[in-house]
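# Tertiary structure, described
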Amino acid sequence: MVISVTQSAAAAKVELQARPRARARNAALDHARTFLTLVVLLHHAVIPYTYFGHTDPTSFLGFDAIVLATDSFFMAMFFFLSGLFVWSGLAHKSTLQFLRDRLLRLGLPFAIAALTVIPLAYYAIELRANPGASFAAFWWKTVTVGPWPSGPIWFIWVLLAFDTSAALLYRVSPRLLDPINRLSQRAFEHPRDFFFVFLLITGGLYIPSRLYFGPTLWFEAGPLSVQASRVLLYAAYFYVGAGIGSANFERGLLAAEGQMSQRGLGAWIVVTLVPYALLWVLITIKRQVLGNPPVLPQWYEAAYGFLFVIFSAAILFAILSYFLNNRRSEFSVLDRMQADAYGMFLVHYPIVLWIQYWLFDFGLPAIAKATIAFVGSILLSWGATWVLRQIPGAKNVL
């Protein structure tokens with residue numbers, strides 16, 4: 001018996017140290033990533049018609065429900081999905097080759113978008129406040145004096161920073177993420193164990209950050225910006241994803257035959273809805289009991305952060321469980337959009353802001369305006385991406 005256990009442990013150690021193999025595309029993860037891109041477009045389409053970002057004469061409370069949900073998970077989940085393939089990529093490339101590829105795929109689009117797409121987007125907002133402003137003057141002021149907001153593309157430079165840190169850490173020790181990978185293998189049969197450890201990691205990083213920095217502070221340096229309280233949370237999602245993908249993917253949390261893909265969606269939905277409902281309770285307390293103060297008590301921020309990390313993790317597991325369960329289903333729209341999803345993320349922001357600018361003076365209900373903005377931003381950003389990808393060499397970037 002001792003010999004058998006020792007041999008099994010040795011075999012597991014050899015498997016964990018084995019060099020990750022290049023994998024074929026994973027349809028479930030592709031669907032999840034493309035779905036998230038649509039969530040980003042929806043988020044930006046409805047914001048002007050909410051209590052949070054009420055910049056249009058009309059509003060609809062249902063859009064507040066959407067924004068609260070999407071803001072609480074979608075960027076963290078993007079980092080998680082991006083991290084899944086980092087360690088295996090580093091195993092097949094030199095550090096310089098990996099960083100060169102990341103600079104081409106992330107650095108170049110960020111630089112171009114920061115100089116073109118983002119000023120064009122915010123010019124629509126500038127015109128609402130200052131109708132006589134010229135784009136040339138606005139652009140020059142943005143890149144020289146500031147402020148120079150990055151809009152949604154902040155995600156790209158932060159991801160590049162995480163990729164760079166991963167490349168350096170991999171050279172220090174390729175086995176650095178072995179503990180996460182072992183936990184992922186255990187989660188093949190027991191995903192709840194992984195979930196609880198994930199909560200400990202993300203809660204331990206996010207709640208103190210929220211208490212220290214508050215929920216609204218952003219670190220900013222020109223177009224390089226990131227929400228202060230969420231930097232460590234995003235890093236946790238990225239590196240947990242990297243640990244899952246570092247080895248034994250087919251026998252881990254996201255394996256095709258694992259428990260996440262076989263059953264359990266209903267349970268994850270319940271775990272998602274409970275903290276979400278309690279977040280609304282806290283928001284109601286803030287508005288109706290505390291009087292919506294600019295600075296909230298520490299107990300409130302701690303409670304909000306606690307529910308935030310539970311909801312964010314639970315909806316991540318729920319979405320992954322759904323797409324893993326339906327990986328063989330026909331997702332014609334998501335499949336067709338998959339190749340263009342990254343480009344749509346890059347170019348959609350000026351499109352949605354200019355549609356909202358055009359709709360501002362129309363006496364339409366908020367639902368109608370948001371629907372036009374959402375559908376219009378999908379079609380136009382998809383079309384714009386398709387055109388851009390016809391440029392020679394563009395498919396290596398977009």
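These remarks concern the structure in this document.

### Things to note about the pattern of salt bridges
With the rule as written, the count across this model stands at 12 salt bridges. Here Arg230 ties to Asp71 by a salt bridge, and the two come within 2.9 Å at their closest N and O atoms. Highlighted residues: Arg230 in the loop between strand S2 (224-227) and helix H12 (231-245) and Asp71 in helix H3 (residues 61-71), separated in sequence by 159 residues. A salt bridge links Arg186 to Asp193, with the nearest nitrogen and oxygen atoms 2.8 Å apart. Taking relative accessible area as the criterion, Arg186 reaches 48% and is therefore assigned partly exposed. What makes Asp193 partly exposed here is its relative accessible area of 25%. Counted as one network, the salt bridges with shared partners bring together Lys93, Arg100 and Asp101.

### Comments concerning the packing of helix H6 (residues 95-115) against helix H9 (residues 154-172)
Interaxial distance between H6 and H9 falls to 9 Å at its minimum, and their mutual angle equals 175°. In terms of orientation, H6 and H9 fall into the roughly antiparallel class. Here H6 contributes Thr95, Phe98, Leu99, Arg102, Leu103, Leu106, Gly107 and Phe110 to the contact with H9, which in turn contributes Ile156, Trp157, Leu159, Leu160, Asp163, Thr164, Ala167 and Arg171. For the contact of H6 with H9, the class distribution of residues is 10 nonpolar, three polar and three charged.

### Some remarks on the pairing of S2
Strand direction decides the pairing type here: strand S1 (residues 218-221) and S2, joined by four bridges, are antiparallel. Within the sheet, the bridge partner assigned to Ala221 lies in S2 and is Leu224. As consecutive antiparallel partners, S1 and S2 are separated by two residues, and within that stretch Gly222 has a phi angle of approximately 60°, a positive value.

### As for the packing of helix H10 (residues 178-186) against H12
Contact geometry of H10 with H12 gives a least axis separation of 7 Å together with a crossing angle of 65°. When the axes of H10 and H12 are compared, the pair comes out roughly perpendicular. In this structure, H10 meets H12 at a crossing whose hand is right-handed. The segment H10 lies against H12, with Ile180, Asn181 and Ser184 engaging Tyr239, Val240, Gly243 and Ile244. Here the residues of the contact of H10 with H12 sort into four nonpolar, three polar and no charged.

### Side note on the packing of aromatic side chains
Here the structure, examined in full by the defined rule, presents 36 aromatic pairs. Aromatic side chains Trp87 and Tyr170 sit 5.1 Å apart centroid to centroid with 80° between the ring planes, which places their arrangement in the edge-to-face category. On the criterion of sequence distance, the pair formed by Trp87 in helix H5 (residues 86-91) and Tyr170 in helix H9 is long-range, its members being 83 residues apart. As far as the burial class goes, Trp87 and Tyr170 line up, both buried. Grouping aromatic residues by their ring pairs yields a cluster made of Phe78, Phe79, Trp154, Phe155, Phe162, Trp218, Tyr234, Phe238, Tyr239 and Phe345.

### As for a nonpolar patch on the surface
Taken together, the side chains of Val197, Ile201, Leu205 and Leu232 make up a nonpolar region of the molecular surface, amounting to roughly 260 Å² of accessible area. By residue number, the principal contributor to the nonpolar patch is helix H11 (residues 191-213), which donates three residues. As for its placement among the helices and strands, Val197 is situated in helix H11. For Val197, a relative accessible area of 31% corresponds to the partly exposed category.

Calculation criteria
Residues numbered from 1 in each chain as written. Predicted model: local features only at pLDDT ≥ 70, side-chain atom pairs only at ≥ 80, totals over all residues. Heavy atoms only, no water. Salt bridge = Lys/Arg side-chain N within 4 Å of Asp/Glu carboxyl O. Helix = DSSP H or I, 4+ residues; strand = E, 2+ residues; numbered from the N terminus. Buried < 20%, exposed > 50% of the residue type's maximum accessible area, 1.4 Å probe, protein only. Axes fitted to C-alpha atoms, helices over the stretch in contact; angles between N-to-C directions. Parallel < 35°, antiparallel > 145°, perpendicular 65-115°, else oblique. Contact = heavy atoms within 4.5 Å. Nonpolar A, V, L, I, M, F, W, Y, C, P; charged D, E, K, R; others polar. Pairing = 2+ DSSP bridges. Left-handed = near helix turned anticlockwise from the far one by under 90°. Phe/Tyr/Trp six-rings, centres within 6.5 Å; stacked < 30°, edge-to-face > 60°. Patch = residues over 30% accessible without salt bridge, like charges linked within 9 Å, V, L, I, M, F, W, Y side chains within 5 Å. Areas by Shrake-Rupley, 256 points an atom, 1.4 Å probe, with all protein chains shown as cover.

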